Amino acid sequence: EDGVDLNAFLGDVGNFASGLISGLFSGGNVANQRLVNTQVVPLAGIDGIDASFVGEKIYFFHADGDDVVIQEYMNQDDPDLFATTHIEGTTLQVHSGRRQGVFGLRSYVEIYIPASFAGSLSLVTVRGGVVSNNAWKLSSLSARTVSGEVAVEGVEASLVRLSSTSGNVKVGRAAGSLDLHSISG
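Rules and cut-offs
- Residues numbered from 1 in each chain as written.
- Predicted model: local features only at pLDDT ≥ 70, side-chain atom pairs only at ≥ 80, totals over all residues.
- Heavy atoms only, no water.
- Helix = DSSP H or I, 4+ residues; strand = E, 2+ residues; numbered from the N terminus.
- Contact = heavy atoms within 4.5 Å.
- Salt bridge = Lys/Arg side-chain N within 4 Å of Asp/Glu carboxyl O.
- Buried < 20%, exposed > 50% of the residue type's maximum accessible area, 1.4 Å probe, protein only.
- Phe/Tyr/Trp six-rings, centres within 6.5 Å; stacked < 30°, edge-to-face > 60°.
- Core = buried A, V, L, I, M, F, W, Y, C linked by side-chain atoms within 4.5 Å.
- Polar contact = N/O pair within 3.5 Å; in protein donor to acceptor, adjacent residues only side chain to side chain.

Any chance you could explain the environment of leucine 141 here in plain terms?
One can find leucine 141 in strand S10 (residues 140-147). The residues contacting leucine 141, other than those within four sequence positions of it, are Phe60, Leu121, Val152, Val155, Ala157, Leu159, Val160, Arg161 and Leu162.

Structure (structure tokens):
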């Protein structure tokens, strides 16, 4: 169990399919994509972060401070498209905004997480990669995509799950139980 609701994920897949034309261009060339949304969530009391997106590439980095910072870059500035955040128990939930019926959207997201965070991290995107050039020490890490690369510089966790249905899976250094999957990549 990596904390991502399978029904919600499948719903995201359905939303992606209905907005396929938009999704074909998401997360690629960053031309005309600008910072349109920043959300800051204090890390205090949070021991899990679950983020799911439909067509964005997810970059996750160490933050300088004690807050989780979510920055969305898009070629459209529409608050309906912005990610939503809420805390469920001790887990920060981050979900992409509306995608159904949105055409021509190009976007990616950067999530800055304090280096001191040692909890559970789950990152899911349907189309787009999941990438970090930092080394992480977590209780668990799950990073999945249907189409795109999953690449992590380094991770130490009791369980590391990295998977891509169509894309490469790369990890620089890892310690813990590893579960790596790629069907085509």
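What am I meant to see in the pattern of salt bridges here?
Any two side chains of opposite charge can pair if their charged atoms end up close together. Scanning all chains against the criterion turns up 5 salt bridges. With a closest N to O distance of 2.2 Å, arginine 99 and glutamate 56 form a salt bridge. Of this pair, arginine 99 sits in the loop between strand S6 (91-95) and strand S7 (107-114) while glutamate 56 sits in the loop between strand S2 (48-53) and strand S3 (57-63), and the two are 43 residues apart along the sequence. Just as arginine 99 is buried, glutamate 56 falls in that class too. Between glutamate 149 and lysine 170 there is a salt bridge, with its nearest N and O atoms 3.0 Å apart. Within this pair, whereas glutamate 149 is found in the loop between S10 and strand S11 (150-166), its partner lysine 170 is found in strand S12 (residues 169-184), the two being separated by 21 residues in sequence.

I tried to follow the packing of aromatic side chains on my own but got confused; where do I start?
We describe a pair of aromatic rings using the distance from one ring centre to the other and the angle between the two ring planes. On inspection of all chains with the given rule, the structure shows 5 aromatic pairs. An angle of 5° between the planes, with centres 6.3 Å apart, marks the rings of tyrosine 59 and phenylalanine 61 as stacked. Looking at phenylalanine 61, the relative accessible area reads 19%, which means it is buried. Summarising the aromatic geometry, the rings of phenylalanine 60 and tryptophan 136 are spaced 5.4 Å apart at their centres and angled 35° between planes, so their arrangement reads as tilted.

What is the right way to look at the environment of leucine 121 in this model?
With respect to the helices and strands, the residue leucine 121 is situated in strand S8 (residues 120-127). Taking the C-alpha atoms as reference points, leucine 121 and leucine 141, 20 residues apart in sequence, are found 4.9 Å from one another. Sequence-distant contacts of leucine 121, that is, excluding residues within four places in its chain, are made with Ile49, Phe60, Ile113, Leu138, Ser140, Leu141 and Ser142.

Looking at this structure, how should I read the nonpolar core?
Looking at soluble globular proteins, one finds that nonpolar side chains tend to be buried together. Within the largest apolar cluster, 30 residues are counted, with the highest numbers of intra-cluster contacts made by Phe60, Ile111, Leu121 and Leu141. Grouped together as the second largest cluster of nonpolar side chains are 6 residues, Met74, Phe82, Val102 and Leu105 included.

Teacher, can you tell me more about the side chain of glutamine 93 here?
Position of glutamine 93 relative to the elements: it lies in strand S6. When its relative accessible area of 10% is taken as the criterion, glutamine 93 is described as buried. Side chain to side chain, glutamine 93 and histidine 95 meet in a polar contact 3.4 Å long. Contacts of glutamine 93, omitting those with residues within four sequence positions, involve Asp50, Thr84, Thr85, His86 and Glu88.

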